[in-house]
Amino acid sequence: MKLLRLGPLGHEIPAVLDEHGTLFDLSSLTADLDGAFFARGGIAEVAAALVAGTLATLGDPSDGSVLRVGAPIARPTAVICIGMNYAAHAVESGSLPPTQPVIFFKHPNTVVGPYDTVLIPPGSTKTDWEVELAVVIGSRARYLSSPDEALGVIAGFAVSNDVSERAYQIEISGGQWSKGKSAETFNPLGPWLVPTAEVGDGSGLRLSSTVNGEPRQDSNTSDLIFDVATIVYQLSQFMVLEPGDLINTGTPEGVGLSGRFPYLADGDVFECSIDLLGTQRQSVRQTVLPTHPGSPS
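No experiment lies behind these values; they were computed from the predicted model shown.

Basis of the calculations
- Residue positions within a chain follow its written sequence, with the count starting from 1.
- Under the rules for a predicted model, residues below a pLDDT of 70 receive no local features and side-chain atom pairs below 80 are neither given nor counted, while totals for whole chains, interfaces and linings still include all residues.
- Hydrogen atoms and water are omitted, and side-chain values are computed over all heavy atoms in the structure.
- We define the nonpolar core as a collection of buried residues of types Ala, Val, Leu, Ile, Met, Phe, Trp, Tyr and Cys that are connected through side-chain atoms lying within 4.5 Å of one another.
- Buried residues are those whose accessible area, probed at 1.4 Å on protein chains only, stays under 20% of the maximum for their type, while exposed residues exceed 50% and partly exposed ones sit between those limits.
- Note on conventions: DSSP H or I runs of at least 4 residues are helices, E runs of at least 2 residues are strands, and numbering of each starts at the N terminus.
- Note on contacts: a residue pair is in contact if any heavy atoms of the two residues lie within 4.5 Å.
- Whether two strands pair comes down to DSSP finding at least two bridges between them.
- Lines fitted to the C-alpha atoms define the axes, with helices restricted to the stretch that makes contact. Angles between their N-to-C directions range from 0 to 180 degrees.
- Side-chain rings of Phe, Tyr and Trp (the six-membered ring for Trp) are treated as a pair once their centres are within 6.5 Å; stacked means planes under 30 degrees apart, edge-to-face means over 60, and tilted covers the remaining angles.
- By the criterion adopted, a ring carries a charge over it if an Arg CZ or a Lys NZ lies within 6 Å of its centre and within 35 degrees of its normal.
- Any Lys or Arg side-chain nitrogen found within 4 Å of a carboxyl oxygen on Asp or Glu counts as a salt bridge.

**Points about the nonpolar core**
Part 1 of the argument: Grouped together as the largest cluster of nonpolar side chains are 45 residues, with contacts concentrated most on Phe 157, Val 232, Leu 241, Ile 247, Ile 274 and Leu 277.
Part 2 of the argument: Broken down by secondary-structure element, the contributors of at least two residues to this core are strand E1 (2–6), strand E2 (13–17), strand E6 (79–83), strand E11 (131–137), strand E12 (154–161), strand E16 (206–211), helix H7 (228–236) and strand E19 (269–274).
Part 3 of the argument: Residues contacting Leu 241, with those up to four places away along its chain left out, are Ile 80, Ile 137, Ser 139, Arg 140, Ala 141, Val 232, Leu 235, Ser 236 and Ile 247.
Part 4 of the argument: The next biggest cluster of nonpolar side chains, apart from the first, holds 25 residues, and it includes Val 16, Ala 71, Val 79 and Leu 193.

**Some points on the sheet that holds strand E9 (residues 118–120)**
Part 1 of the argument: Taken in spatial order, the five strands of this open sheet run E9-E20-E19-E16-E17, and their pairing is mixed. The open sheet terminates on both sides in strands that have one partner only, identified here as E9 and strand E17 (214–220). The average angle at which neighbouring strand axes cross in this sheet is 20°, direction not considered.
Part 2 of the argument: By the bridge criterion, five bridges tie E16 to E19 in an arrangement that is antiparallel. Paired with Ser 208 across the strands is Ser 273, a residue of E19.

**Focus on the packing of aromatic side chains**
Part 1 of the argument: In the structure shown here, the tally under the stated rule is four aromatic pairs.
Part 2 of the argument: Seen in terms of ring centroids, Phe 37 and Phe 38 are 5.2 Å apart; in terms of plane orientation they differ by 70°. Their pairing is edge-to-face. Residues Phe 37 and Phe 38 agree in their burial class; the two are buried.
Part 3 of the argument: The residue whose ring lies beneath Lys 2 is Trp 192, and the NZ or CZ to ring-centre distance is 5.4 Å.

**Digging into the pattern of salt bridges**
Between side chains of opposite charge, a pair can form when the charged atoms approach closely.
Part 1 of the argument: Under the criterion given, the structure shown has 18 salt bridges.
Part 2 of the argument: One salt bridge in this structure joins Lys 106 and Asp 162, with 2.5 Å as the shortest N-O distance. Placement of Lys 106 in strand E7 (residues 102–106) and of Asp 162 in the loop between E12 and strand E13 (164–165) is noted, with a sequence separation of 56 residues between them.
Part 3 of the argument: Looking at Lys 106, the relative accessible area reads 3%, which means it is buried.
Part 4 of the argument: In this structure, the salt-bridge partner of Lys 126 is Glu 171, at a minimum N-O distance of 2.4 Å. Pair noted here: Lys 126 is in the loop between E9 and strand E10 (127–128) and Glu 171 is in helix H5 (residues 166–171), with a separation of 45 residues, a long-range link.
Part 5 of the argument: We classify Lys 126 as partly exposed; its relative accessible area is 26%.

Given below as structure tokens:
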């Protein structure tokens, strides 16, 4: 099954797509796919309701009547990111592979839907793409005893685009990566969340990206320096992970930072895909600041 949220920004309704492609409304079970839903075992509730046949349908997803697709989780309290977690990407970034996970944060309000427009900040010329395997935490995790235990606190996985402004991140940040990661729309997520039971430990998944149909990234999560279980275990030693928290696990080589490709520009179309988790697609637009009365045009 695939969990998703449908509707206008800020007014999404929870839904589930079953193995036959039928879309069901989850409003009878939960107001939203948020931390409280995951903490109480909401995924198991949805699975039971599908078996029982107690959910109302939302129509055929292929007939054009389906609402906007929002991010598959609501209001994450934290967006935690792992940097340089593929060896080839570390090399193209000019860095040695890390010996410990590199951790930075994005503002939670960067999370938008998988087909929403990505906005280039005013004056930016180095806005970059990063396809990533996203992990959603399903239960509170503090001081976990092992990576094996860490797998038990994961609700599921999704496709994430860790959009980055490299000048902000590297040239003017003073080493504070989050400056280049937290502009509005800088974390498209989805189209859906797939439960851990259907994905396993997140290894062996092909992930890829294109810009205007041209290949950019093509790798596999088996090449992660720190695998998913290790990431969650390590993070729990330094912070308390809460249900609904989002973790971006790193991006493979093939980004604009490599110098092999131009950065994103107004009008570009970006796509990223991960096996089992679907494909997201964003149009890129340059932010235009409003002209105030009396200001230069």
